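Listed below, chain by chain, are the residues.
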Amino acid sequence: WKPGVLATLMFIVDEAAGRVLLIRKKRGLGAGKINGPGGKIDPGETSEHCAVRETQEELGVTALDPVKHGELWFQFVDGLALHVDVYRATRWEGEPTETPEAIPLWTSLKELPFEEMWADDRFWLGEVLIDQKNFTGRFLFDDDTMLTHEMEWH
Ligand code: 6U4
Ligand code: NA
Ligand code: NA
């Protein structure tokens, strides 16, 4: 498991309404899928800063006091290795707005759209968003197909 590309995901949870701010991704890796906002870490940037910046760029929303809940390690059989830090935030500023990168989707925590998400998400997303658990996950993908998964909860 090489470190490879470093990236982040941000999940803004509206606890009062029982919903999470997801996106329909319009371009880049996973275009067409539903995911959290996020993207690659810039040189010299902290992962937390990246998660906040990418959410601003994709949705025009600023996440406040993000908390890191997990680390994803993806190996793709074509050779790409991707490490993703996963953040959760319950306060934010701004109104989600469609951009060239993403369409905002406020989604009920009871109806997470796993069929339209990356295949690994069903192994950790509900536990992180609802139960606030912390985890490390390792996944082997062939293109869009998940071949193996290993989860650790801490
Ligand atoms: P550019 O346009 O290069 O700046 P950027 O938005 O930085 O793109 P991009 O589009 O390569 O990044 O997407 C990386 C994003 O994809 C990260 O937020 C993590 C997410 N991602 C990739 N594989 C994933 C997977 N298997 N499961 C998942 N999220 C994944 O939940
Ligand atoms: Na992005
Ligand atoms: Na980017």
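The structure displayed is predicted, hence computed values, not measured ones.

Counting 26 residues, the largest nonpolar core has Phe11, Val20, Leu72, Phe74, Trp124, Leu125 and Leu129 as the members making the most contacts within it. At the level of elements, strand E1 (5–14), strand E2 (19–25), strand E6 (67–76), strand E7 (81–89), helix H2 (125–129) and strand E10 (135–142) are the ones that each hand at least two residues to this core. Per-element tally for this core: the top contributor is E1, with four residues. Setting aside anything within four residues of it in sequence, one finds Val20 in contact with Phe11, Ile12, Val13, Leu105, Trp106, Thr107, Leu109, Leu112 and Leu129. Of all hydrophobic cores here, the second largest spans twelve residues; its members include Ile12, Ala51, Leu59 and Ala102.

It is worth spelling out the coordination of the sodium ion (ligand 2) at this point. In this structure, Gly38 (O), Glu54 (OE), Glu58 (OE) and Glu101 (OE) serve as the protein donors to the sodium ion (ligand 2), at separations of 2.2 to 3.2 Å. All donors of the sodium ion (ligand 2) belong to a single chain; written as a sequence motif, their spacing is G-x15-E-x3-E-x42-E. Between the sodium ion (ligand 2) and the sodium ion (ligand 3), a separation of 4.4 Å is found, and both are coordinated by Glu54. Highlighted residues: Gly38 in strand E4 (residues 38–40) and Glu54 in helix H1 (residues 47–59), separated in sequence by 16 residues. What makes Gly38 buried here is its relative accessible area of 10%.

Cut-offs used in this document
- Residues numbered from 1 in each chain as written.
- Chains lettered and ligands numbered in written order.
- Predicted model: local features only at pLDDT ≥ 70, side-chain atom pairs only at ≥ 80, totals over all residues.
- Heavy atoms only, no water.
- Core = buried A, V, L, I, M, F, W, Y, C linked by side-chain atoms within 4.5 Å.
- Buried < 20%, exposed > 50% of the residue type's maximum accessible area, 1.4 Å probe, protein only.
- Helix = DSSP H or I, 4+ residues; strand = E, 2+ residues; numbered from the N terminus.
- Contact = heavy atoms within 4.5 Å.
- Donors = N, O, S within 2.8 Å, 3.2 Å for Na, K, Ca; no water.

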